[in-house]
Amino acid sequence: MAVPAHAGDVRLRIVDGTGAPVRDAVVTIHTARPAAAGSFKFPWAAAMTQRNVQFDPHVLIIPVGAVVTFPNFDKVRHHVYSFSKAAKFEIKLFGRDESRSYTFKTAGAVAIGCNIHDAMTGFIKVVDTPYANKTAGDGATVIASVPAGRTRITVWHPRMRAKDQESTLDLDVTAGDLSKLITVSLK
């Protein structure tokens, strides 16, 4: 992906109404020039591991069209599924050291679960922009090399009190770095 000459890092910190940091909020930035489908990848693995009867990571960001693997490192079998609008699928029982995969073709939030272990939940956010990242435990994230110009920033979190669990704001990114604090309302 070519990076425009006047690009900067966008540093965001997401907090809730009490000022507490929000972990695993997905931030995406759409610029005036959208990226072509299949033209970018993220530096992290497109994998949702099952270990200690949990999905790891709890929230995974992938580009549209990515194939996500679901390796099982537990001693028990899992049955991964989703009823989400962006991806309805079912991966029937598979055991320790086995892996299955699924291709995510539509942008959106995908809630996943295990049909055997009800407490297992995870989320896959399928995005159509290379400018995406999630917040760490301190509520902060950095999205590097965002082109200068008018952007639309979207913040999504599975517990956000908003339509489709996301909110948007328009923001001008100028040459150089930008820092912003965003407050969201959680359930």
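Procedures and definitions
- Residues numbered from 1 in each chain as written.
- Predicted model: local features only at pLDDT ≥ 70, side-chain atom pairs only at ≥ 80, totals over all residues.
- Heavy atoms only, no water.
- Helix = DSSP H or I, 4+ residues; strand = E, 2+ residues; numbered from the N terminus.
- Buried < 20%, exposed > 50% of the residue type's maximum accessible area, 1.4 Å probe, protein only.
- Contact = heavy atoms within 4.5 Å.
- Areas by Shrake-Rupley, 256 points an atom, 1.4 Å probe, with all protein chains shown as cover.
- Lys, Arg positive; Asp, Glu negative; His and termini not counted.
- Charge placed at Lys NZ, Arg CZ, Asp CG, Glu CD.
- Polar contact = N/O pair within 3.5 Å; in protein donor to acceptor, adjacent residues only side chain to side chain.
- Salt bridge = Lys/Arg side-chain N within 4 Å of Asp/Glu carboxyl O.
- Phe/Tyr/Trp six-rings, centres within 6.5 Å; stacked < 30°, edge-to-face > 60°.
- Pairing = 2+ DSSP bridges.
- Axes fitted to C-alpha atoms, helices over the stretch in contact; angles between N-to-C directions.
- Core = buried A, V, L, I, M, F, W, Y, C linked by side-chain atoms within 4.5 Å.
- 1 Å grid on protein atoms, 1.4 Å probe; cavity = no way out; pocket = protein on both sides within 12 Å on 5 of 7 lines; lining within 4 Å.
- Points joined across faces, edges and corners; volume = space filled by probe spheres on them.
- Nonpolar A, V, L, I, M, F, W, Y, C, P; charged D, E, K, R; others polar.

Each helix and strand counted, the chain has zero helices and 16 strands in total. Projecting the C-alpha coordinates of the chain onto the three principal axes gives extents of approximately 50 × 40 × 25 Å. Evaluated residue by residue, the chain yields a buried proportion of 43% over its 187 residues. Sequence-distant contacts in the chain: of pairs separated by 6 or more residues, those separated by 24 or more amount to 62%. About 9,800 Å² of surface is accessible on the chain, with carbon and sulfur atoms providing 50% of the total. Side-chain charges in the chain split into 23 positive and 16 negative, and the spacing between the mean points of these groups amounts to 3 Å.

Looking at the element boundaries, Ser82 is found in strand 7 (residues 78-84). The buried category is assigned to Ser82, whose relative accessible area is 1%. A distance of 3.1 Å separates a polar side-chain atom of Ser82 from the backbone oxygen of Ala87. Apart from the residues lying within four places of it in its own chain, the contact partners of Ser82 are Ala87, Lys88, Phe89, Val110, Ala111 and Ile112.

Let's shift gears to the pattern of salt bridges. Tallying each qualifying case throughout the model produces nine salt bridges. Between Lys125 and Glu166 there is a salt bridge; the shortest N-O distance is 3.6 Å. On the criterion of sequence distance, the pair formed by Lys125 in strand 11 (residues 121-127) and Glu166 in strand 15 (residues 166-173) is long-range, its members being 41 residues apart. Salt bridges here are not isolated pairs; linked through shared partners, they connect Asp9, Arg11 and Asp177.

So, on to the packing of aromatic side chains. Per the counting criterion, the structure on display carries eight aromatic pairs. Grouped by ring-pair contacts, the aromatic residues Phe70, Phe89, Tyr102 and Phe104 constitute a single cluster.

Taken in spatial order, the five strands of this open sheet run 5-11-10-7-8, and their pairing is mixed. Strand pairing shows two members of the sheet lacking a second neighbour, strand 5 (59-63) and strand 8 (87-94), which therefore form its edges. Ignoring which end each strand starts from, the neighbouring axes of this sheet average 25° apart.

Looking along a regular strand, one sees the side chains alternate between the two faces of the sheet. Where strand 1 (residues 7-15) lies against strand 13 (residues 140-147), six bridges are found, and the strand directions are antiparallel. In the sheet register, Arg11 faces strand 13, and the bridge partner there is Val142. Two strands pair when backbone bridges link them, and strand 1 and strand 16 (residues 178-183) are joined in this way by six bridges, in the parallel orientation. Residue pairing in the sheet places Arg13 in a bridge with Leu181 of strand 16.

All right, on to the nonpolar core then. The biggest cluster of nonpolar side chains holds 20 residues, and the ones touching the most others in it are Phe70, Phe89, Phe104, Val110 and Ile124. Going through the elements one at a time, strand 5, strand 6 (67-71), strand 8, strand 10 (108-114) and strand 11 are the ones with two or more residues in this core. Ignoring anything within four residues of it in the chain, the contact list for Phe89 reads Phe70, Val80, Tyr81, Ser82, Tyr102, Phe104, Val110 and Ile112. Among the nonpolar cores identified, the runner-up in size contains 18 residues, and Ile14, Ile143, Ile182 and Leu186 belong to it.

What follows is about empty space enclosed by the protein. Using the criterion set out here, one finds one cavity of 30 Å³ or more in the structure. Empty space within the largest cavity amounts to approximately 50 Å³. Taken together, Ile29, His30, Thr31, Arg33, Pro34, Ala35, Asp128, Thr129, Pro130 and Tyr131 make up the full set of residues lining the largest cavity. Counted by class, the lining of the largest cavity contains five nonpolar, three polar and two charged residues.

Cis geometry is adopted by the peptide bond preceding Pro57, which originates at Asp56 and carries an omega value of 5°. One non-glycine residue, Asn52, adopts positive backbone phi at about 55°. Within the element layout of this structure, Asn52 appears in the loop between strand 3 (49-51) and strand 4 (54-56). One non-glycine residue, Ser145, adopts positive backbone phi at about 55°. Along the polypeptide, Ser145 turns up in strand 13. Its relative accessible area of 27% is what places Ser145 among the partly exposed residues.

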